Amino acid sequence: MRDLGTQTAQQTQAHPPPSLTKVMRTYQVVLKCDDQSQREEINRRIRKLEERQTTLLTPQVVKKAVDLYRTNPKERFFTRKLGKVVGMNPNIVESAFHWLYIAVKGKIDKEQKVQGLLNFLLKNPQQLVEWVIFGRSPYTERSLENYWKLKRRYVINLLTHSRTQADSYWRKKKTTIYSSATIQLNNILPSCTQQDILQAIDDALFYYTHEFSNPSQLTKNKQAFLNKLQLIKQEEKIVVPFLTSWINSPQPSRWKSLKNLSQQLAQVLGKPTRKLFSAVRLIVVFTLFDHYMQSVPQLVKTLPVEQVVPPPFKRKKKGRLPIKLLMKKDYVITRQGNASELTKQIKKQGTTILGFPQQSKKLSTAQVLFPPKVLEYLHNGAVIKVFQISSGSAPSFKPRVDVVLEGTHDCFHSFKLLHHYLPQISGRKKKVLGVDINRLGKYMLAFNTSIPLSLDLLKLASRYTHLSNKVLPELNRGLLRKRKEYDSHSCCKLQGELNRVYTRRSRILREITLLLPHFLAAVLVKKKCQTLKIEQLTADATGTKGALAKAIYTMPDSLLIYKKAVWLASLELGYDVQLEVVNPQYTSSLHHGCGGFLVRGPGQYDLSPCKKCGQKVNTHDNAAFNIASLPGTLLPNDLFPSTHVRGPI
């Protein structure tokens, strides 16, 4: 990782030396058949091969695979040893055990993360109790997210799944402790009285008043949390009966039901806008702390992580594993040569032929067509590594063929999109650019200078909005109506159409995410920008509803977008564009013109009046101006693209 010590643009070569690090990338190619009947026949033969591959992954083979990986994690050793168990079979065994190797590698990695999670919880008893009660812990999620450098969603899933698996293990192995009065993990919580709740409120307020006693370290968030605890203490006669009833009643989802309870309490206390969830959750943890700390730490210490993480392929997954074609002339699916021969052939003529034999039947062949983009990468120096083939479903029965290419980063580098966007942008120089990424729409990308959004991005955003606001609600209403009429045939058709629309919508969002870095890079190049300033937000839409959830889910805000844009622009400009992160606090609510605060109520997400000067302000442009004016922290140039674009196959 290269560290840049200065804040100004650093002069580099116009074309930096190519990286020698090799990466792998997967692209879909076209399998061209003569007619529909031939396509269906080829698809049927591929389906049989997939079924043969699946039958190899028995529980005994999976168990042996886990043991083999622990002794030697190399894939060749792994495949050779397992091949002796089942008997070698051209391609099918290698393909099945390749996917098994990846799955086992993921299991071992997850075991290490679960062990780290349990060690963290044992050092933090309050978070341990919170995890046992709710299956989640915000402090744990933030800590592990920053430590592992992973998405918050992954850490949440790890917490909830490990809690469920631990509960299942304790129920089977620790029957006497599990059914005791001191620890009831699954159905209901240990019963408590109103006196217990009152004592917990006093303890929590005393503890955090002492914790936040240093005025120099008392932030606004800490003060707000302390105010919530004081409000609960003042209104304890109202709060205590609600909490007592909640703890003594079974809840299908404790996390969601406690959120609903905190909202009800805010309404009852006459403060509907107050967010009391964190404070109410703390009171529950303090109430049950003594109950759980008698037994839970001992249970967690003796919890075997290999029992918490299920073995690979335990649950039947949707779809089948694709067949991984190693570049050998075996006769499961035939091809015209090995990897190097195929690479030369496709660079020369752009196509190749795959054959699909079946005993006592005629060989079926189909032509594989490579799109211009993949051919360009091959001519740039990439080589074919692997083909992956999977069968298609009704009604098209269209098989899918993916090709895995291996090469340096420069092999997969193209300026076509960047130069496509350049004529659409005005050319006045701007040394510092601030950018604010929002939900999909015309305000998706806002700068501290007037730059219209590209038409193709606007069209994609409008298609996404049309599917979300019109097509999906109509299909859901139709499905509900047919269910009431007990029309199973129509329900099946509508459910299939719903799945296709959801897939189409997710692909639109993915395409927007892929185009944004190129448009942003074109802006940096046209403006001769030296510093790009951003705000890095970590928003979690779990449990939220309405406009906030939609905005978060449709906000293509990823650090990868900025890094790729800076990388592309730096290559084109000939110097390193600096990427800086600013403090996101008040960037959207503070008016850049007069310093007043903007009114951010319902229906005022895009245009909002200023309390101080009364002017109607575009909140997104205003945020971009604020971001550009704030001091930033330089992000080191970590050589995008990452060396972990694709793991080894």
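Residues numbered from 1 in each chain as written. Predicted model: local features only at pLDDT ≥ 70, side-chain atom pairs only at ≥ 80, totals over all residues. Heavy atoms only, no water.

Digging into the packing of aromatic side chains
Per the stated rule, a full pass over the model turns up 15 aromatic pairs. Here Phe78 and Tyr101 contribute two aromatic rings whose centre-to-centre distance is 5.3 Å and whose plane-to-plane angle is 70°, an arrangement assigned as edge-to-face. One end of the pair, Phe78, is in helix H3 (residues 75-86); the other, Tyr101, is in helix H4 (residues 92-123), with 23 residues separating them in the sequence. Taken individually, Phe78 and Tyr101 each receive the classification buried, so the pair is uniform in this respect. One aromatic cluster is present, formed by Tyr207, Tyr208, Phe212, Phe225 and Phe286 through successive ring pairs. The side chain of Lys113 reaches across the aromatic face of Trp148, ending 5.7 Å from its centre. (Phe/Tyr/Trp six-rings, centres within 6.5 Å; stacked < 30°, edge-to-face > 60°. Helix = DSSP H or I, 4+ residues; strand = E, 2+ residues; numbered from the N terminus. Buried < 20%, exposed > 50% of the residue type's maximum accessible area, 1.4 Å probe, protein only. Lys NZ or Arg CZ within 6 Å of the ring centre and 35° of its normal.)

Some words on helix H10 (residues 220-234)
Spanning 15 residues, H10 covers 21 Å between terminal C-alpha atoms, matching the ideal 21 Å at 1.5 Å per step. Buried within H10 are the following residues: Phe225, Leu226, Lys228, Leu229, Leu231 and Ile232. Where the residues of H10 are buried, they touch helix H9 (194-211), helix H11 (236-247) and helix H13 (277-293). (Expected span 1.5 Å × (residues − 1). Contact = heavy atoms within 4.5 Å.)

A look at the sheet that holds strand S6 (residues 361-369)
Strands sit in the order S3-S7-S8-S2-S6-S5-S4 across an open sheet of seven strands; the sheet is antiparallel. Since the sheet does not close on itself, it has two edges, and those belong to strand S3 (323-325) and strand S4 (334-335), each with one partner. Bridge count for strand S7 (residues 383-390) against strand S8 (residues 400-408) is seven bridges, and the pairing is antiparallel. Each bridged residue has a counterpart across the sheet, and for Ile389 the counterpart in S8 is Val401. Packing against the sheet, helix H1 (residues 36-55) makes contact with strand S2 (22-32), S3, strand S5 (351-358), S6 and S7, and its axis sits at approximately 100° to S6. (Pairing = 2+ DSSP bridges. Axes fitted to C-alpha atoms, helices over the stretch in contact; angles between N-to-C directions.)

Section: the pairing of S6
Alignment of S2 against S6, held across three bridges, turns out to be antiparallel. Its bridge partner lying in S6, Leu31 is registered against Val368. With seven bridges joining them, S5 and S6 adopt antiparallel strand pairing. Of the residues in S6, the one forming a bridge with Phe356 is Ser364. With antiparallel pairing between neighbouring strands as the criterion, S5 and S6 make up a hairpin whose turn holds two residues, including Ser360 at a positive phi of roughly 65°.

Considering the sheet that holds strand S11 (residues 531-535)
One open sheet holds the five strands; their spatial order is S10-S9-S11-S13-S16, and the pairing between them is mixed. Each of the sheet's edge strands pairs with one partner strand only, and the pair in question is strand S10 (445-447) and strand S16 (633-634). Bridge analysis of strand S9 (residues 432-437) against S11 gives three bridges, and the strand direction is parallel. Bridge pairing in S11 places Val432 opposite Thr531. Along the sheet, helix H22 (residues 559-573) makes contact with S9, S11 and strand S13 (578-582), crossing S11 at roughly 175°.

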